[in-house]
Amino acid sequence: MNTRISILGLGAMGRALASAFVEAGHEVTVWNRTPGKAGDLVGRGAREARSVAEAVRAAEVTVVCLLNDASVRETLAPIVAELEGRTLVNLTSGSAEQARELAVWLEGYGVRLLAGGIMAVPPTVGTEGAFILYSGARELFERLAPVLAPIGRPQWVGEDQGFAALYDMAALSGMYGMSAGTDHAVSLVHASGGDVERFKREVLQPWMEQMLVFMVAGADVSETVPEEFNAAMQATGLETMIATSEEAGVHAELAGHLRASLWRMRRAVAMN
Ligand SMILES: NC(=O)c1ccc[n+]([C@@H]2O[C@H](COP(=O)([O-])OP(=O)(O)OC[C@H]3O[C@@H](n4cnc5c(N)ncnc54)[C@H](OP(=O)(O)O)[C@@H]3O)[C@@H](O)[C@H]2O)c1
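Residues numbered from 1 in each chain as written. Predicted model: local features only at pLDDT ≥ 70, side-chain atom pairs only at ≥ 80, totals over all residues. Heavy atoms only, no water.

**Brief notes about the environment of Val-269**
Here is step 1 of the chain: Inspection of the secondary structure assignment puts Val-269 in helix α9 (residues 256–271).
Here is step 2 of the chain: Remark: the alpha-carbon pair of Val-269 and Met-233, spanning 36 residues in sequence, is separated by 9.7 Å.
Here is step 3 of the chain: Non-local contacts of Val-269, meaning those with residues more than four positions away in its chain, are made with Ala-231 and Ala-232. (Helix = DSSP H or I, 4+ residues; strand = E, 2+ residues; numbered from the N terminus. Contact = heavy atoms within 4.5 Å.)

**Some remarks on the side chain of Thr-3**
Here is step 1 of the chain: Within the secondary structure, Thr-3 is located in the segment before β1 (4–8).
Here is step 2 of the chain: Looking at Thr-3, the relative accessible area reads 5%, which means it is buried.
Here is step 3 of the chain: Ignoring any residue separated from it by four or fewer positions in sequence, one finds Thr-3 in contact with His-26, Glu-27, Glu-60, Val-61 and Val-147. (Buried < 20%, exposed > 50% of the residue type's maximum accessible area, 1.4 Å probe, protein only.)

**Observations regarding the packing of aromatic side chains**
In this description, an aromatic ring pair is defined by two values, namely the gap between the centres and the angle between the planes.
Here is step 1 of the chain: As enumerated under the stated definition, the model contains 3 aromatic pairs in all.
Here is step 2 of the chain: Taken together, a centroid distance of 6.2 Å and an interplanar angle of 75° make the contact between Trp-105 and Tyr-109 edge-to-face.
Here is step 3 of the chain: Ring geometry for Phe-163 and Tyr-167: centres 5.4 Å apart, planes at 65°, overall edge-to-face. Of this pair, Phe-163 and Tyr-167 both sit in helix α6 (residues 163–191), 4 residues apart, which is roughly one turn of that helix.
Here is step 4 of the chain: By relative accessible area, which is 25% here, Phe-163 ends up partly exposed.
Here is step 5 of the chain: For Tyr-167, a relative accessible area of 37% puts it in the partly exposed group. (Phe/Tyr/Trp six-rings, centres within 6.5 Å; stacked < 30°, edge-to-face > 60°.)

**Things to note about the packing of helix α3 (residues 69–76) against helix α4 (residues 96–107)**
Here is step 1 of the chain: Where α3 contacts α4, the two axes come as close as 11 Å, and the packing angle between them is 10°. The pairing of α3 with α4 is recorded here as roughly parallel in orientation. At the point where α3 passes α4, the crossing takes the left-handed sense. Contacts between α3 and α4 involve Asp-69, Val-72, Arg-73 and Leu-76 from the former and Gln-98, Glu-101, Leu-102, Trp-105 and Leu-106 from the latter.
Here is step 2 of the chain: Grouping the constituent residues of the contact of α3 with α4 by class yields 5 nonpolar, 1 polar and 3 charged. (Axes fitted to C-alpha atoms, helices over the stretch in contact; angles between N-to-C directions. Parallel < 35°, antiparallel > 145°, perpendicular 65-115°, else oblique. Left-handed = near helix turned anticlockwise from the far one by under 90°. Nonpolar A, V, L, I, M, F, W, Y, C, P; charged D, E, K, R; others polar.)

**So, the pairing of strand β4 (residues 61–64)**
Here is step 1 of the chain: On β4, burial covers both faces: Val-61 and Val-63 on one face and Thr-62 and Val-64 on the other are all buried.
Here is step 2 of the chain: As paired elements, β1 and β4 share 4 bridges and run parallel to each other. Bridged to Ile-7 within β4 is Val-63.
Here is step 3 of the chain: Pairing of β4 with strand β5 (residues 87–90) involves 4 bridges; the strand directions are parallel. In the strand pairing of β5, Thr-62 is matched with Leu-88.
Here is step 4 of the chain: Handedness of the crossover joining β4 and β5 through α3 is recorded here as right-handed. (Pairing = 2+ DSSP bridges. Right-handed = clockwise from strand over helix to strand, strands pointing away.)

**Quick word on the pairing of β1**
Here is step 1 of the chain: Across the 5 residues of β1, 4 count as buried, placing the element largely inside the fold.
Here is step 2 of the chain: Relative to strand β2 (residues 27–31), β1 is paired through 5 bridges, and the arrangement is parallel. Note that in β2 the partner of Ile-5 across the bridge is Val-28.

**Description of α4**
Here is step 1 of the chain: With 12 residues, α4 ought to run about 16 Å at 1.5 Å a step, and its terminal C-alpha atoms sit 16 Å apart, in line with that.
Here is step 2 of the chain: Residues of α4 that are buried include every one of Ala-96, Ala-99, Leu-102, Ala-103 and Leu-106, and no others. Take α4 and look down its axis: the buried residues cluster within an arc of 125°, on one side only.
Here is step 3 of the chain: The elements touched by buried residues of α4 are α3, β5, β6 (112–119) and α6. (Expected span 1.5 Å × (residues − 1). Arc of directions from axis to C-beta.)

**Digging into the sheet that holds strand β8 (residues 153–156)**
Here is step 1 of the chain: On the basis of which strands lie adjacent, the open sheet formed by 8 strands has the order β3-β2-β1-β4-β5-β6-β7-β8 and mixed pairing. Each having just a single partner strand, β3 (47–48) and β8 make up the two edges of the open sheet.
Here is step 2 of the chain: In the packing of helix α5 (residues 138–148) onto the sheet, contacts are made with β1, β4, β5, β6, β7 (131–135) and β8, and the angle to β6 comes to roughly 55°.

**As for a nonpolar patch on the surface**
Here is step 1 of the chain: On the surface, a nonpolar cluster with roughly 330 Å² of combined accessible area is contributed by Met-178, Leu-212, Met-215 and Val-216.
Here is step 2 of the chain: Per-element accounting of the nonpolar patch gives the leading share, 3 residues, to helix α7 (residues 196–218).
Here is step 3 of the chain: Following the sequence through the fold, Val-216 ends up in helix α7.
Here is step 4 of the chain: On the accessibility criterion, Val-216 (59% relative accessible area) is exposed. (Patch = residues over 30% accessible without salt bridge, like charges linked within 9 Å, V, L, I, M, F, W, Y side chains within 5 Å. Areas by Shrake-Rupley, 256 points an atom, 1.4 Å probe, with all protein chains shown as cover. Salt bridge = Lys/Arg side-chain N within 4 Å of Asp/Glu carboxyl O.)

Spatial relationships are all this shows, so hold off on functional conclusions.
Right, here's the structure in full:
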């Protein structure tokens, strides 16, 4: 199915999205605030619009991928009255509340909006593992899903326009938490004179792979810790990890995630 798609924003992500749509055979128009960022897209068949209005008018579906919510507002505000009856897909990261407010603002101008969260990085856009979260009207999602599939597997997460953003940020929070842990791990090895690359390859990678499924399954909001986790043992282990950090002189800030886990285990012990 060949659809006329416009992309607003040609940063690293916008270019990757445009490229995947071109590759899939869609008729692509691109626009960027700073001209000259289309790279090889034009040579591959995309058209570069000179204004936002021109880009939106050229498309059946406009995909917005700018820096943040403020840049989306700034870009759309001057032409919002011309958007009546148009369909927009916003793949710009933002908070859940920003997504809801944007939807209300645009719907007031007769715009149909699907809010999205990209669970991919530019090199993985359009590859097998990539998926994109969408929230908004289910019927709109179902109509657009085949058109949007080339950038990543479309996954609808609810009518509430804020949910794609919420799940996106929550998933990133999990990733940054793991990053804090892996940064801390290599800092410990480095500070103690160990071979960081070897540690990463032979210990950290296989260990994280083995534990990932348990980390995700065990993620919990309750104040209790399941019995099999043995909170008292975990608390002792966390105290040892913090002591190891102090011995190695690794910044206490990096060990913040350990202190947070220790606090949770101590609270669980106190409640048992
Ligand atoms: N890159 C990733 O790994 C990744 C992954 C998932 C989601 N995302 C999300 O995708 C979005 C774009 O990311 P990116 O990697 O493409 O960022 P980027 O490379 O920094 O590009 C930012 C884009 O936003 C435009 N922009 C910034 N301020 C603007 C304004 N006030 N008015 C109009 N345009 C403005 C820039 O235009 P100029 O060229 O004119 O500055 C550029 O096109 C972000 O919301 C990001 O969180 C990115």
